[in-house]
Amino acid sequence: MLLVHGVCYMILALLFLCRFTVQGLGQTLMPTLAGVMELVIRTIAAFLLVPKLEFLGAAIATPLSWLGALAPVAVAWFLAAGKLKKCSSGAKAAVLEPEECLSFIRPLSDNFSPDKP
């Protein structure tokens, strides 16, 4: 199990980087979806892999869930990086207002304002 997990820690590192970056930009849907996908893939792997591969199937289930969770978070990360690149380029920055560039980022302070019901 240690060998299987050890080889796949790079996937886990990418998952953490992408998930926490996207979450730090205020987007909560994709990190939540990634957590759900992780759970679903582990459950499916437990039912499909463990009867055939026994302990190795249980060991493989975790890295497979990391890969499945990385997919939606990586897409969200690339979309956010693309928007930030457009806004930071010299030609586009003159045309777009700062509010338009950063409209996809929702600060945490907006989510917890006392004025909201």
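What counts and what doesn't
Residues numbered from 1 in each chain as written. Predicted model: local features only at pLDDT ≥ 70, side-chain atom pairs only at ≥ 80, totals over all residues. Heavy atoms only, no water. Core = buried A, V, L, I, M, F, W, Y, C linked by side-chain atoms within 4.5 Å. Buried < 20%, exposed > 50% of the residue type's maximum accessible area, 1.4 Å probe, protein only. Helix = DSSP H or I, 4+ residues; strand = E, 2+ residues; numbered from the N terminus. Contact = heavy atoms within 4.5 Å. Phe/Tyr/Trp six-rings, centres within 6.5 Å; stacked < 30°, edge-to-face > 60°. Axes fitted to C-alpha atoms, helices over the stretch in contact; angles between N-to-C directions. Nonpolar A, V, L, I, M, F, W, Y, C, P; charged D, E, K, R; others polar.

## Comments concerning the nonpolar core
Counting 12 residues, the largest nonpolar core consists of Cys8, Leu12, Leu15, Cys18, Val22, Ala34, Trp66, Ala69, Leu70, Val73, Ala74 and Ala76. Breaking this core down by element, the ones donating at least two residues are helix 2 (9–24) and helix 5 (55–88). Top element by residues in this core is helix 5. It accounts for six residues. When sequence neighbours within four positions are dropped, the list of residues in contact with alanine 34 reads Arg19, Ala69, Pro72 and Val73.

## As for the packing of aromatic side chains
Across all of its chains, the model carries three aromatic pairs by this definition. Here phenylalanine 16 and phenylalanine 20 contribute two aromatic rings whose centre-to-centre distance is 5.7 Å and whose plane-to-plane angle is 25 degrees, an arrangement assigned as stacked. Of this pair, phenylalanine 16 and phenylalanine 20 are both found in helix 2, four residues apart, which corresponds to roughly one turn of the helix. Residue classification places phenylalanine 20 among the partly exposed residues on the basis of a relative accessible area of 49%. Seen in terms of ring centroids, tryptophan 77 and phenylalanine 78 are 5.0 Å apart; in terms of plane orientation they differ by 85 degrees. Their pairing is edge-to-face.

## Looking at the packing of helix 2 against helix 3 (residues 29–48)
Orientation of helix 2 relative to helix 3, taken along the N-to-C sense of each, is 145 degrees, at an axis distance of 9 Å. Seen from helix 2, the contacting residues are Leu15, Arg19, Val22 and Gln23; seen from helix 3, they are Met30, Pro31, Ala34, Gly35 and Glu38. Considered class by class, the residues forming the contact of helix 2 with helix 3 number five nonpolar, two polar and two charged.

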